[in-house]
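Below, each chain spelled out in residue letters.
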Amino acid sequence: MNNNILVVDDEKEIRDLLEINLKNEGYTVFKASCGNEALKILNREYISLIVLDIMMPGMDGLETCKKIREKYNMPILMLSAKSEDIDKIQGIMTGADDYLCKPFNQLELTVRIRALLRRAYFLNAKLQNLEDVIRIESMIIDKNKHKVTINDKEINLTAREFEILYLLANNKGRVFSAEEIFEKVWKERYYQSNNTVMVHMSRIRDKIEEYMEGNKIIHTVWGVGYKIEK
């Protein structure tokens, strides 16, 4: 799990204090004094969590949060000197994940950051697991188990055959040339006279189409390469 945290606050003292405390907890800290600076950092750095002050000149924290949510999904913990419920509601509705009033306890801030990162990491892991299981009609491709089943019958593919099938299935609609497939699966340079991919593709088709009731899963785009339709 990445440990980059972006602190956005117009008060330098708060930015520096948070940086010291978060670095002591093992986090890498990026700092921004305004919303525009924060957006620039997000464009060039991978950020795991944002600590965002509401009361900032120019583009305030609520507007900055809206802008961030147009492109990013990392957890956002908002800070404010105001404690009224309406501020909390506005912050959450804008896209924040948690809220803390100033002055805040450093230990409480750290605990909340840990909780937000743990939750985000857990959800991302679940999503990743879902993405690793691909369904095409009656065929299920499970990347983690390196297993292909059609109507609950396991299809015996070699490691190379599985990698080729997964590559195409994970990029539905995209055409891969024989050269691209070879270099991605074999991790070696492709030579023009090499017909290895064609042979493997024929074997894959023979193995899976027997159980697909005549449906063709892998399509040849003549003169270009191979694809699995969306």
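Residues numbered from 1 in each chain as written. Predicted model: local features only at pLDDT ≥ 70, side-chain atom pairs only at ≥ 80, totals over all residues. Heavy atoms only, no water.

Going by what an unreviewed UniProt entry lists, the chain is known as Stage 0 sporulation protein A homolog and is assigned to Clostridium senegalense. One UniProt comment on the chain, placed under Function (unreviewed entry), says "May play the central regulatory role in sporulation. It may be an element of the effector pathway responsible for the activation of sporulation genes in response to nutritional stress. Spo0A may act in concert with spo0H (a sigma factor) to control the expression of some genes that are critical to the sporulation process." (UniProt positions renumbered as here; feature names shortened; annotations may be inferred.)

Draft legend 1. Structural detail: the packing of helix α7 (residues 178-185) against helix α8 (residues 196-209). One way to put it is that α7 packs onto α8 with a least axis distance of 9 Å and a crossing angle of 85°. Taken together, the axis directions place α7 and α8 in an arrangement best described as roughly perpendicular. Of the residues in α8, those touching α7 at A178, I181 and F182 are T196, V197 and M201. (Axes fitted to C-alpha atoms, helices over the stretch in contact; angles between N-to-C directions. Helix = DSSP H or I, 4+ residues; strand = E, 2+ residues; numbered from the N terminus. Parallel < 35°, antiparallel > 145°, perpendicular 65-115°, else oblique. Contact = heavy atoms within 4.5 Å.)

Draft legend 2. Looking closely at the sheet that holds strand β1 (residues 4-8). An order of β2-β1-β3-β4-β5 is seen for the five strands of this open sheet, with the pairing classed as parallel. With partners counted over all chains shown, the strands left at the sheet margins are β2 (28-32) and β5 (98-101), one partner each. Shown here is a sheet whose adjacent strand axes are inclined to one another by a mean of 20°, direction ignored. (Pairing = 2+ DSSP bridges.)

Draft legend 3. Up close: the packing of helix α6 (residues 159-169) against α7. Orientation of α6 relative to α7, taken along the N-to-C sense of each, is 120°, at an axis distance of 10 Å. When the interaxial angle is binned, α6 and α7 end up oblique. Regarding α6 and α7, the two cross each other, and that crossing is right-handed. Counting all contacts with α6, which are made through R160, E163, I164, L167 and L168, the residues of α7 involved are I181, K184 and V185. For the contact of α6 with α7, the per-class residue count stands at five nonpolar, no polar and three charged. (Left-handed = near helix turned anticlockwise from the far one by under 90°. Nonpolar A, V, L, I, M, F, W, Y, C, P; charged D, E, K, R; others polar.)

Draft legend 4. Spotlight on the pattern of salt bridges. Enumeration according to the criterion identifies 14 salt bridges in this entry. With a closest N to O distance of 2.9 Å, R69 and D97 form a salt bridge. With R69 in helix α3 (residues 61-69) and D97 in the loop between α4 (85-94) and β5, this pair connects stretches of sequence that are 28 residues apart. Two residues, R112 and D98, come together in a salt bridge whose shortest N-O distance is 3.1 Å. On the criterion of sequence distance, the pair formed by R112 in helix α5 (residues 106-131) and D98 in strand β5 is long-range, its members being 14 residues apart. Salt bridges sharing common partners tie together K12, D16, E19, K23 and K31. (Salt bridge = Lys/Arg side-chain N within 4 Å of Asp/Glu carboxyl O.)

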